Amino acid sequence: MRMVIRSMPVMALALCLGTAQVSAQEPGNGNFQWYIGPQAGVMLFRTPSQNSSAIPSFGGQTLIVARRTGLLLSVEEGVGSDETSSYAVLLGTQSVTFNDIRKYSAVLMAFPIKAAYQPYLGVGFGLIHVVNPQVSNAYSQTAQELGSSGFGTFLAGLQFKVGRFMAFGQYQITTSPSVDTVEDGTGAPIAAGRLLEGPTHTFSGGLRIGLGSAREPVKSGGY
């Protein structure tokens, strides 16, 4: 099953490559353009109690392109089922269950060449968190705090035109979260750790839809 999930973005990218032959002679992004679109793929993650796992992910993004640079804003959710994690408490280890992982990213992009199949790179930051972690089948504020962290990120991908759309496939990696400590009202530590450990990897593909110019046209003339 996991092999099927991991092959989903590869198959989608191959299908788009086949469709793109008609417009393969056209260059990539235009200057000062604004795009939005959906994306889907697979998210790989690890927890203290669960080895590296792969779950399907879905989301959307907005891309604003200048000439050879751009800003990418995205949100995506990895959809799992009965995933497990844990964190340290005073008397041992507390087990946690959850389903989904949500990730928000802001990435500064670079498009080094103008070509029919256009590579791109990006660096940025974001926030990732486990959605509604459960301790003994109940919501836990401590688990919520240990399930959220900021990250730095690197992204690389390839895009090409498919008719009026821009198809893309990309890979994103996040930095590992640092260990956090939760304290009580007196400042004494009551829990420590992270629900996610190590870097998170995402392979995704999708379509971007052009919304026109990202800047106001220059007008001439007087009053």
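Residues numbered from 1 in each chain as written. Predicted model: local features only at pLDDT ≥ 70, side-chain atom pairs only at ≥ 80, totals over all residues. Heavy atoms only, no water.

Asks: In this structure, what is going on with the overall build of the protein? I would like to understand it.
Replies: For the protein, the helix and strand inventory stands at 2 helices and 12 strands. When the elements of the protein are put in sequence order from the N terminus, they spell out α-β-β-β-β-β-β-β-α-β-β-β-β-β. Here the protein, with 223 residues, has 42% of them falling under the buried criterion. For the protein, long-range pairs separated by at least 24 residues make up 66% of all intrachain contacts whose partners lie at least 6 apart in sequence. Working note: accessible area of the protein is about 11600 Å², and carbon and sulfur atoms make up 62% of it. (Helix = DSSP H or I, 4+ residues; strand = E, 2+ residues; numbered from the N terminus. Buried < 20%, exposed > 50% of the residue type's maximum accessible area, 1.4 Å probe, protein only. Contact = heavy atoms within 4.5 Å. Areas by Shrake-Rupley, 256 points an atom, 1.4 Å probe, with all protein chains shown as cover.)

Asks: Help me understand the environment of Pro133 in this model?
Replies: Relative to the assigned elements, Pro133 resides in the loop between β5 (117-131) and β6 (134-135). Judged by its relative accessible area of 0%, Pro133 is buried. It is 6.3 Å that separates the C-alpha atoms of Pro133 and Gln144, two residues lying 11 residues apart in sequence.

Asks: Before we go on, may I ask you to explain the packing of aromatic side chains in this structure?
Replies: The relative placement of two aromatic rings is captured by the distance of their centres and the angle of their planes. For the structure shown, the criterion picks out 4 aromatic pairs. Judged by centre distance (5.8 Å) and plane angle (50°), the ring pair of Phe111 and Tyr120 falls under tilted. Ring geometry for Tyr171 and Phe203: centres 5.0 Å apart, planes at 40°, overall tilted. Here Phe203 lies in strand β12 (residues 201-213) and Tyr171 lies in strand β9 (residues 165-174), a separation of 32 residues in the sequence. Under the relative-accessibility criterion, Tyr171 is labelled partly exposed at 23%. (Phe/Tyr/Trp six-rings, centres within 6.5 Å; stacked < 30°, edge-to-face > 60°.)

Asks: Can you help me understand the nonpolar core in this one?
Replies: Here is a general trend for soluble globular proteins: nonpolar side chains tend to be buried in one another's company. Formed by 17 residues in total, the largest nonpolar core has its most connected members in Tyr87, Ile101 and Leu195. Among the secondary structure elements, those contributing two or more residues to this core are β1 (33-47), β4 (92-110), β5 and α2 (141-146). Here the element with the most residues in this core is β4; it accounts for 3 residues. If we skip the residues at most four places from it in the chain, Tyr87 touches Gly92, Thr93, Gln94, Val96, Val135, Ser140, Thr142, Ala143, Leu146, Ala191, Ala192 and Leu195. Counting residues in hydrophobic clusters, the runner-up holds 11 residues, among them Tyr35, Leu72, Val107 and Met109. (Core = buried A, V, L, I, M, F, W, Y, C linked by side-chain atoms within 4.5 Å.)

Asks: When you look at the side chain of Glu76 in this model, what are you seeing that I'm missing?
Replies: Within the secondary structure, Glu76 sits in strand β3 (residues 69-89). Looking at Glu76, the relative accessible area reads 2%, which means it is buried. There is a polar contact of 3.3 Å between the side chain of Glu76 and the side chain of Gln39. Setting aside anything within four residues of it in sequence, one finds Glu76 in contact with Gln39, Met43, Ser57, Phe58, Gly59, Ile101, Arg102, Lys103, Gln172 and Thr202. (Polar contact = N/O pair within 3.5 Å; in protein donor to acceptor, adjacent residues only side chain to side chain.)

Asks: It is not clear to me how the confidence of the model for the protein should be interpreted in this structure. Could you clarify?
Replies: A low pLDDT score tells you not to read the predicted coordinates there in detail. This prediction gives the protein a mean pLDDT of 85; 80% of its residues lie at or above 70. Per-residue pLDDT stays below 50 along residues 1-27; that stretch engages in 39 contacts with residues further than four places along the chain or on separate chains. (pLDDT = per-residue confidence, 0-100.)

Asks: Looking at this structure, I do not really get the pattern of salt bridges. What am I missing?
Replies: Tallied over the entire structure, the rule returns 3 salt bridges. In this structure, the salt-bridge partner of Glu76 is Lys103, at a minimum N-O distance of 3.2 Å. One end of the pair, Glu76, is in strand β3; the other, Lys103, is in strand β4, with 27 residues separating them in the sequence. When sorted by exposure, Glu76 lands in the same class as Lys103, which is buried. For Glu77, the salt bridge is made with Arg102, and the minimal N-O distance between the two is 2.7 Å. Taken together, the positions of Glu77 in strand β3 and Arg102 in strand β4 put the pair 25 residues apart, joining distant regions of the chain. Its relative accessible area of 24% is what places Arg102 among the partly exposed residues. (Salt bridge = Lys/Arg side-chain N within 4 Å of Asp/Glu carboxyl O.)

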